[in-house]
Every structure is written in structure tokens, then in C-alpha cells.
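# Structure at a glance
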2 protein chains.
Amino acid sequence: MVYVMGYGLIEKFFYPDSVAVVGASRDPRKVGYQLLYNLITKYRGVVYPINPYVDEVLGIKAYRSVMDVPGGIDLAVVSVPAQSVPSALEECGLKGVKAAIIISAGFKELGTSEGVEGEKKVVEIARRFGMRVVGPNCMGVYVPKIGLNTTFLNPERMDFPGHGNIAFISQSGAFGIAVLDWAAMRGIGISKFISLGNKCDVNESDILNYLVEDGDTQVITLYIEGVEDGKEFVKTLKEVTPLKPVIILKAGRSEEGVRAIVSHTGSLAGSDAIYDAVFKQSGAIRALGMDELFDMALSLALQPPAKGMRVGILTVGGGSGVMATDAAVSLGLRVPKLSDRTVSKLRDVLLPIASPYNPVDVTGSARDEHLIESVEILMRSGEVDAIIWIPYFMAPGITSELVSSFIERVRKVNNELEIPIPIVGAATGGYYTQKLSTMVEREGIPMYPTVERAAKAAWTLCKYGEWLRKSRTYAEYVNRFLSPTRYLEKTGLS
Amino acid sequence: MVYVMGYGLIEKFFYPDSVAVVGASRDPRKVGYQLLYNLITKYRGVVYPINPYVDEVLGIKAYRSVMDVPGGIDLAVVSVPAQSVPSALEECGLKGVKAAIIISAGFKELGTSEGVEGEKKVVEIARRFGMRVVGPNCMGVYVPKIGLNTTFLNPERMDFPGHGNIAFISQSGAFGIAVLDWAAMRGIGISKFISLGNKCDVNESDILNYLVEDGDTQVITLYIEGVEDGKEFVKTLKEVTPLKPVIILKAGRSEEGVRAIVSHTGSLAGSDAIYDAVFKQSGAIRALGMDELFDMALSLALQPPAKGMRVGILTVGGGSGVMATDAAVSLGLRVPKLSDRTVSKLRDVLLPIASPYNPVDVTGSARDEHLIESVEILMRSGEVDAIIWIPYFMAPGITSELVSSFIERVRKVNNELEIPIPIVGAATGGYYTQKLSTMVEREGIPMYPTVERAAKAAWTLCKYGEWLRKSRTYAEYVNRFLSPTRYLEKTGLS
């Protein structure tokens, strides 16, 4: 599974100057039509439709074969029936194409000897020509920065997210697509998406090795069902996680789930306990569902990791403060009592009915300044390593001005502190609350609809900070994270 | 805490013919203004603003005191400064008012002897006049069916949900309000909302006893921090849960959370282990967060409880099927292998590449009929007690027609079966997916954005079914649930 010069070629999948669509079709019901349609919507590189029977597709000159294309081809996207894939790939090899995505299904996943043989042929051809292959049975790639989109879903039924700093590697195409659509609605930006499918050649480790160097990627997320080369995967994770966080949603936690994987992909799923141990040893953070995967990713995309496990909770609603405490403690975080000195400072700025302990409950009668002064006191106290704030935007004394003045104060204090204090928020409510939460998030503080999810996000920042300290890369990471040129572009929220 | 004729009076809080707002104000910055404003927006009963200094408020004739009101007063909503509450309540008593909501804060929750004394006075007056009191320090009630709304939040900053069959009792006012706002956005209808505040008189048990008889309430949800009269609470829960499901979000799961409750409400929180045991013994279902509380409630509001713990999973995406399996198994549900007979029936209707086991993976190439035929086979198999379906609405072969034809088939089969098979769904995606999910939900199948949440919903139906079987009320409950006159009105989704 090791190719000479292999990793360098991975770049071709994400930044090709020219793309050939092998199997481009004029029939809107065909994958080869929708794929070309999605590709030319935003991609500004050269596109070559390949179709032996027609002169043009969607207004673009078509070629009978990749061999007939006058210029070079950086990436071939193959969407022809499974039995025609080997010959199409062979032609790509002869043409000198070094990167191919095979969208077509009908290979190993069928569990038939025919399917397995077909996939072996694909691998043989790829090796012979020194070509890297993504797939088969996949959705390919989506790189919003350059408009590259090799998926074939109807854009009337789904949206694609904007550019951001979270990369998403998915073994499952369908789930990957659903997540892209969800991320677009949620306003989460993506640096690179890749659907790996059957992984006959390019696998998670190849992509991880590429993404660790990718300047646009701050956080790497993965959905996997099984990994073939476990040793390589562990080695790669160990290399990557001290530099960039890797969050993994691994399906097949249960015996029944493993059984389902086998009948779904034909791949070896392996014991879940082993995966769990691998993730722990190698510093990968495990998510137990889609929400968690992106809740965690968002926190690491926007906030620096925490230097310890102590959380301060700042809330407008007493009940929410209690529930946030419950959630934080159940995750293994500490919600420490504050020192008398800090309590007294808080008491000086809060209403008499407020509770200046931890959680700091400014109460529903609070005004903007109570939250703003309290957060500074908490940040400077040296008694907490991360903060969960729970504004109730509908509370009578809270104004929409709170958003900018709170953020400004947090930034100012963090600029003055030697080690920054990360902050995440929770705001339960409807449209008005969502609107203000989005404003907060655009300025770099991730906001969640429940305190439980905010607590998990805070936990993620604490846990990754712990790993970085263990790896002795904490200071380096935080410095890189906070470098001013990246502050604005890194949010990538739309 | 037991009053003669006490429970009958609870009706006055939810269905008053006349409401006096004691402390109605003409100043838009005051609670007494916003409260009256919200009340008169939709409520069609008689409203009496009480204010000694003005003749009218918001265009309605005002009275100096409740004593001056010509007609009877079913409900008094008191929003005057804490020190004036006792005298205002005394006048209510003299007037013959039997139900009062005290919105005002400044009582026991302060933790001061003054606050505690004030609250004692309130209780003494209530007892003397045989009056029931909700609060103090609460948001009161919201009953969309009659437009009754005693909350004082600015409607420009939050929405209120429509009528539905889920009741919500909240100890916390702020959290209660945030949840109402969220429910409105989520399209979840509410039968009754009540914020109990300090619970000086009316408590959870009073409301549970009322709601168990309430024809509009199918599911009862509670947010609590602590219960004073534990014995009464357990007794009530044991009486209610065999008839209606009760789902409880109890804050203070951790020691630190309990500490926060004490400083937030001054109430005894008690050991969480005891609560946990109480919930288990009495058939109450425990939710660990707001999402869960309403995910569970929605499943029980729309679907019958399951007759066993076996779940069938029907999916368009293989990966999602695996994750749903993981989630179901981790909750203690079974995802059984299907018999050869059922597998063979499924194989007959599915594509060759589909996986006819459990999960039944119709694949991303599926068309509507593959889901429709499969669900019937699963429902009739006798091998599963509940179904999780995972349509990918963006898949090329799936049309928007699927919604109505799938629902129609499920209804038809359930009408023919002796014991109905409940079904819940998961659809991850963006706006298009949400739109179709909402359509499905309006027809009575709850839909969740992740498979993990759908699995928890299925678990809820299985778990409550188990409790009903234990209580020997399963058949009665299901018959009542399925009575045709209630089928349409019960969804209450907007």
C-alpha cells in the first residue's frame, strides 16, 4: 500500500488544474450528467467531458476518450458501469493521469467474486501506472475554496457548505453528503471533504498525512467503519494529533453494528475495543454521533485548547447553570468552587440576588454588563481553564449589543493573558436566540442549542489541551492557533 | 400540603374565565405591562388590570383593587414588589379568588430570613382563604388552546408554541421559557405549560394529578431541581405513569450540581441516586437534557408504545444503519437477525445490491417502493416491535411522493395488525430534508436529525411499553391512544 511519491499525488485530488469526467452524460437522470453539472457550477479549472458518442455535454466540448484530450489531465473522475471501469482506468494510465476518483459502484461492496475481481483489476492498473485511486463506490471530493465538487446529488435537494477550516473524511458517501448538507444549514465551513468508498488504494492515512500539512485545515474529522491497515493508521494518528486535532466517528461499536458493516461494505470491521484503545493511545478524540463530531470540531476550529480541566460556568438562568454543571462533571471536568477573593470581586459587579459562586448565576434580571464584567473576572481568576457561558438572549435586561461588547471584552482579556481561556456557549431558544447565537459564532465563540452539547464542546477543548501538553506541543499549537493573520479567516462561518 | 377540594381548583389555573392582573402597568419596561400585553394578545376571557393609580392600562378599564372588580375573578396573577404581595393576596382572598399565580421574585430563593418570612406569610394567607397559589418567583402558565399566557417575555424576542398534546411543568421559569421558544421553532405543540417557581403551595404532584385527567394531554414532561414532599411525589408518579407517560429532566445529577441548586433556589436537592431509584420504581422516564426530554415526549405523543424491545432498522444509507444499530444496542434494545423467511421476502422486493438483513439497507440506489414494501414486510414479520426508518430524501431515486405513500402504507398495515408497530425516523441533512421531515412528522411519525436521537426515541417507546405491560395497562393505553377520533387532533404539530 506504499507508493513511491504517493503522498505528493494526493494534492491532485484537492487542487487539480484540470478534471476529466469519464462517463459524462447528457441524460439528466444519469450520474454522469449531475456530476458534470455540479462540477462546472463553481469550478474554474479546465473540464473535459469524456463520452464516446457525443460532441458536447452541457455546452462543453466532449472527447471520445481521455487519450484524445489535447492537454494534460490532473484528475479523472470515473463514472461508467463497473465492468467498463478497468479499461477506462487503463486509458487514464496511458494518458499519464496520476489521480483518479472512481465513483462507480459494483465492486467489493457487492460481496461477489466478480466485484472483488473487478476491484483487484483496478488496483493492478493503478500500481502499474503509479496512479492514486480514490474509491470505487464513493462520492469523491468537495473543495469549496476552488469550487471543486465531484458529487452527483441534485443541488435542488441539498446544499453545499462554504469554505471553512474543518476537513471531513467519510468512508460512507451517503452519510458524507447528508453531513455536508447539514453543515451548510448549520453554517459550518469545510476545507476539504473526501468520500473514500471502498478504499482500494487511497485510505484515511493518506488523507491524514496530506491534511496535517494543509494550511486551510485546522481540525480533521473522520467517519469510518473499518480500517484495513491498522498499523499505518495508528502511526499516522500519532504523528498528526500533536499538530492538529483528529475527531473520529467510528461506526460498529456494537457486535450487531459490526455485523451490519460486514453486510454493508464487505470490509473487516474488527473489535470496537481495539479501536477505542487506539484512539486513546494516539490522541484521537472519539465522537459518538454526527452532532458530537461537529460540535467538537467547531469548538476546536474556533477556540484554543484549554490548559487544564477546570470549567467556569457563567449563566443567566439558574437551572441551566445546574444542568451545565451536571453535564461537565459527568464528562470528568471540574467545576471548582471559586476563591473568596474571586467571589468577592464578582459580588462587587453583580446584582444582590445573583449567585457569585460557580456556576456564576447573574440571574434573569441581569443586564449586559453583568455578563461582561463577570467573564473578565473569571478569565483573570486563574481558577478556571475554560468557560461555558449561557446567555438568555430573551431576558429583559439583555440587549443585542451584548454580542459585540462581550466578544470584545473576551478578546481583549485573552490578548493580555499569557495563556488564553477558551469559551463556548449555550443558548436554548427559537429564531431570535438562533440569530444572536449565529452572530456570536461568526465572531469565534461556538454556540450550542443545549448546555449538554456546550459542556461536551468544553470537554473537547480540555481533553485536546491535555493531549497537547502530554505531547509537549501545547505552546506551539496555541501560538500557531492565535497567530493574528489567521484569526479572522479561520472562522469560516457563513 | 393537602387542601380540601384542592385539586379541583387547579383547573382555575388552566381554564379561568376571568383573570385579574395585580400590578398591571402602563410602563413598557415593567413586568406588569408585558404580562398584560401577552395575556390580552390571545386570551378571550375577561381581563381586569389592577392598578391603584390609573383608570386604564393598554386600553382596558383598570381597578384600584381586586375588591373593586364587579364580577368574579377565577385567577389572579400577582406582579407587585415582594413586600406588597401579602396584602395583595389578602385582598384576593377577601374577594373570593381561589387561584393565584405570584410572578414576583424576592422570596425564599433569596436565602434571606426576610424572603423566607415573606413566603411563609403567603402560605398562611392562602391556607386561611382556601386559595391555591402557584409560585412565587415563576412565569405562571401558558395554555395555547385558550390563549392564556401569563409570561412577561417580549414576544419580539421569543415565540410561543401552538396547541399540542405535550404538557410541560418547569420548576425553572427561564429554562421553561427558553424551551417554549425552542418548541415553537421545532413545531412541537404544548397542551399546558406551567412554571412552578418556589412551589410554596402548588407543586408537581398537584399538576400531575390534574394532567392525568386532562383530555388534551398525552405526555407529561417535567423539569425539576428538587421535590419537597418526596412521598407524595412517588405516590403520584405511580398513579400517573400506568395511564400517561411522565418524562423527567432532573437537574442536580452531580454533587456540584446539587451545590449549585442550593445557591440558586435555596431548596433541598437531595441525593441524585434516590431520584434515580424513584423514577425507575415509579415508571417515570428520565431524560438527561432538553433535547432528550422533547425527543422522548414527541415519540410518545405521536406513536403507540412498543410491545417488546426488538427494533427493525430500515435505511437508505448503510453507514446510518450501522450507527443506528450501535445506538439502539447501546441503549439495551435488540436489533435481531431476521428469519430466512423474512429475508427472502425482502430480497424479493429489493434491489440485488440491497442488504435484506437487519438493518435492512435498501441502498442509495433505492426507489420509494423499496422502502414502502420493506416497511410492510418488517411490520408484518412479527420479528420486530418497533421500527427506525432512515430515508435519505436527497437520494436520486427517492421522490417527495414517498412521504404520503409511506405513511399511508404504515397506517394501513397498523390498522390491520392486532398490536401496532411504532415507527420513528432519522433524516440528517439541510433545508430540503427538514421540509420533508416536517411533512412526515405532521402525519404522525416523529423525525430526528440524527440516528442516535431516533434510537433514543425508539427506546422510549419500548421502555414505556414495558412499563405498561408491567402495570397491566398496555392494551388499555394502546386502545385509547389509537381511538380514531383522536388520531388527527393528537399530533398538534404546527
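Only a predicted model underlies this, so the values are computations on that prediction, with no experimental measurement involved.

## Digging into the overall build of chain A
In terms of helices and strands, chain A carries 18 helices and 20 strands. By the compact-globule yardstick of 23 Å for 494 residues, chain A fits well, its C-alpha radius of gyration being 25 Å. Seen through its C-alpha atoms, chain A measures out along the principal axes to roughly 80 × 45 × 40 Å. Burial status across chain A gives 60% buried among its 494 residues.

## Points about the environment of Arg480 of chain A
All names here are of chain A. In this fold, Arg480 is placed in helix H17 (residues 474-482). What makes Arg480 partly exposed here is the crowd of 14 C-beta atoms within 10 Å. Along the backbone, Arg480 and Met185 are 295 residues apart, and their C-alpha atoms lie at a distance of 29 Å.

## Some thoughts on the sheet that holds strand E16 (residues 355-356) of chain B
Residues and elements named next belong to chain B. The sheet built from six strands is open, its strands ordered E16-E17-E15-E18-E19-E20 with mixed pairing. On the outer flanks of this sheet lie E16 and strand E20 (447-448), each paired with one strand and no other. Relative to strand E19 (residues 423-426), strand E18 (residues 386-390) runs parallel, the two being bridged by three bridges. What sits directly across from Ile387, in E19, is Ile423. Set on the sheet, helix H16 (residues 451-470) makes contact with strand E15 (311-315), E18, E19 and E20; between it and E18 the angle comes to about 165°.

## Focus on the domain arrangement of chain A
The domain boundaries assigned to chain A delineate domain 1 (6-299) and domain 2 (304-491). Broken down by element, the residue count for the side of domain 1 of chain A that touches domain 2 of chain A peaks at six residues, all from helix H10 (residues 290-302) of chain A.

## Considerations on the relation of the copies chain A and chain B
In this structure, two copies of a chain are linked by a rotation about an axis accompanied by a shift along it. Overlay of chain A on chain B (RMSD 0.0 Å): rotation 180°, translation along the axis 0.0 Å. Here the two chains are linked by the operation of a two-fold rotation axis. Considering only C-alpha atoms, the residue of chain A closest to the rotation axis is Asp291 of chain A, which sits at 6.0 Å. Same-surface contact between copies: 100% of interface residues of chain A are shared with the interface of chain B.

## What about the interface of chain A and chain B?
Of the residues lining the interface, 63 residues belong to chain A; the matching set on chain B comes to 64 residues. The set of elements that each furnish at least two residues to the side of chain A that touches chain B consists of helix H5 (173-186), helix H8 (255-265), H10, helix H11 (318-330) and helix H15 (431-442) of chain A. Among the elements that take part in the side of chain A that touches chain B, H11 of chain A stands out by supplying 10 residues, more than any other. Across the side of chain A that touches chain B, the residue classes break down as 30 nonpolar, 23 polar and 10 charged.

## Overview of the packing of helix H13 (residues 368-380) of chain A against helix H14 (residues 402-416) of chain A
All names here are of chain A. The contact between H13 and H14 brings their axes to 10 Å, and the two run at 15°. In terms of orientation, H13 and H14 fall into the roughly parallel class. Handedness of the crossing formed by H13 with H14: right-handed. Together, Asp368, Leu371, Ile372, Val375, Glu376, Met379 and Arg380 of H13 and Leu402, Ser405, Phe406, Arg409, Val410 and Val413 of H14 make up the contact between the two elements. Among the residues making up the contact of H13 with H14, the classes are represented as eight nonpolar, one polar and four charged.

## What about the confidence of the model for chain A?
All names here are of chain A. Averaged over chain A, the pLDDT score is 93; the fraction of residues at 70 or greater is 95%. Low pLDDT, under 50, characterises residues 1-6; the stretch is placed with four contacts to residues that sit more than four places away or in other chains. For residues 486-494, every residue scores under 50 in pLDDT, and the model assigns this stretch 18 contacts once sequence neighbours within four places are set aside. Here the predicted complex scores 0.94 on pTM and 0.93 on ipTM.

## Focus: the sheet that holds strand E6 (residues 99-102) of chain B
Residues and elements named next belong to chain B. Spatially, the five strands line up as an open sheet ordered E2-E1-E5-E6-E7, and their pairing is parallel. Strands with a single pairing partner mark the edges of an open sheet, and in this sheet they are strand E2 (46-50) and strand E7 (132-134). Across the sheet, the mean angle separating the axes of adjacent strands is 20° when strand polarity is ignored. As defined by bridge partners, E6 adjoins E7 across three bridges and the pair is classed as parallel. Bridge pairing in E7 places Ala100 opposite Val133. Along the sheet, helix H2 (residues 31-42) contacts strand E1 (18-22), E2 and strand E5 (75-78); its crossing angle with E1, the most-contacted strand, is approximately 165°. Against the sheet, helix H3 (residues 85-95) engages E1, E5 and E6, with an angle of about 170° to E5.

## Topic: the packing of H11 of chain A against helix H16 (residues 451-470) of chain A
Residues and elements named next belong to chain A. H16 packs onto H11 with a crossing angle of 45° between their chain directions and a minimal axis gap of 8 Å. Judged by the inter-axis angle, H11 sits oblique to H16. As H11 packs across H16, the resulting crossing turns out to be right-handed. Between H11, through Ser320, Met323, Ala324, Ala327 and Ala328, and H16, the contact on the second element is made entirely by Val451, Glu452, Ala454, Ala455 and Ala458. Here the residues of the contact of H11 with H16 sort into eight nonpolar, one polar and one charged.

## Some thoughts on the environment of Leu208 of chain B
Residues and elements named next belong to chain B. Of note, Leu208 is situated in helix H6 (residues 204-211). Along the sequence, Leu208 and Ile220 sit 12 residues apart, while their C-alpha atoms lie 7.8 Å from each other. Residues within four places of Leu208 in sequence aside, it is in contact with Ile220, Thr236, Val240 and Val246.

## Comments concerning the pairing of E5 of chain B
Successive side chains on a regular strand alternate, one facing one side of the sheet and the next facing the other. Residue and element names in this part refer to chain B. Residues Leu75 and Val77 point to one face of E5 and Ala76 and Val78 to the other, with burial holding for every one of them. As judged from the four bridges shared by E1 and E5, these two strands associate in the parallel manner. Opposite Ala20, over in E5, you have Ala76 as the bridge partner. In the sheet, E5 pairs with E6 via three bridges, with the strands oriented parallel. Within E6, the residue paired with Val78 across the bridge is Ile102. In the classification by handedness, the crossover that spans E5, the intervening H3 and the parallel E6 is right-handed.

## A word on the environment of Ile166 of chain B
Mapped onto the elements of the fold, Ile166 of chain B is located in strand E10 (residues 163-170). Distance in space between the C-alpha atoms of Ile166 of chain B and Ala297 of chain B is 6.9 Å, their sequence separation being 131 residues.

## Overview of the pairing of strand E19 (residues 423-426) of chain A
Residues and elements named next belong to chain A. A two-sided burial pattern is seen for E19, the buried positions comprising Ile423 and Gly425 on one face and Val424 and Ala426 on the other. Handedness of the crossover joining strand E18 (residues 386-390) and E19 through H14: right-handed. Examined bridge by bridge, E19 and strand E20 (residues 447-448) share two bridges and lie parallel to one another. Looking at the pairing, Gly425 lines up with Met447 of E20.

## Describing H2 of chain B
Within H2 of chain B, the full set of buried residues consists of Val31, Gly32, Tyr33, Gln34, Leu35, Leu36, Asn38 and Leu39 of chain B. Against E1, E2, strand E3 (56-57), E5 and strand E9 (148-149) of chain B lie the buried residues of H2 of chain B.

Criteria and cut-off values
- Residues numbered from 1 in each chain as written.
- Chains lettered and ligands numbered in written order.
- Predicted model: local features only at pLDDT ≥ 70, side-chain atom pairs only at ≥ 80, totals over all residues.
- Helix = DSSP H or I, 4+ residues; strand = E, 2+ residues; numbered from the N terminus.
- Rg over C-alpha atoms; globule rule 2.2 N^0.38 Å.
- Buried ≥ 20, exposed ≤ 12 C-beta atoms within 10 Å, placed from the backbone.
- Pairing = 2+ DSSP bridges.
- Contact = placed C-beta atoms within 7 Å.
- Axes fitted to C-alpha atoms, helices over the stretch in contact; angles between N-to-C directions.
- Domains from an automatic or database assignment.
- Least-squares fit on C-alpha atoms with pLDDT ≥ 70 in both.
- Nonpolar A, V, L, I, M, F, W, Y, C, P; charged D, E, K, R; others polar.
- Parallel < 35°, antiparallel > 145°, perpendicular 65-115°, else oblique.
- Left-handed = near helix turned anticlockwise from the far one by under 90°.
- pLDDT = per-residue confidence, 0-100.
- Right-handed = clockwise from strand over helix to strand, strands pointing away.

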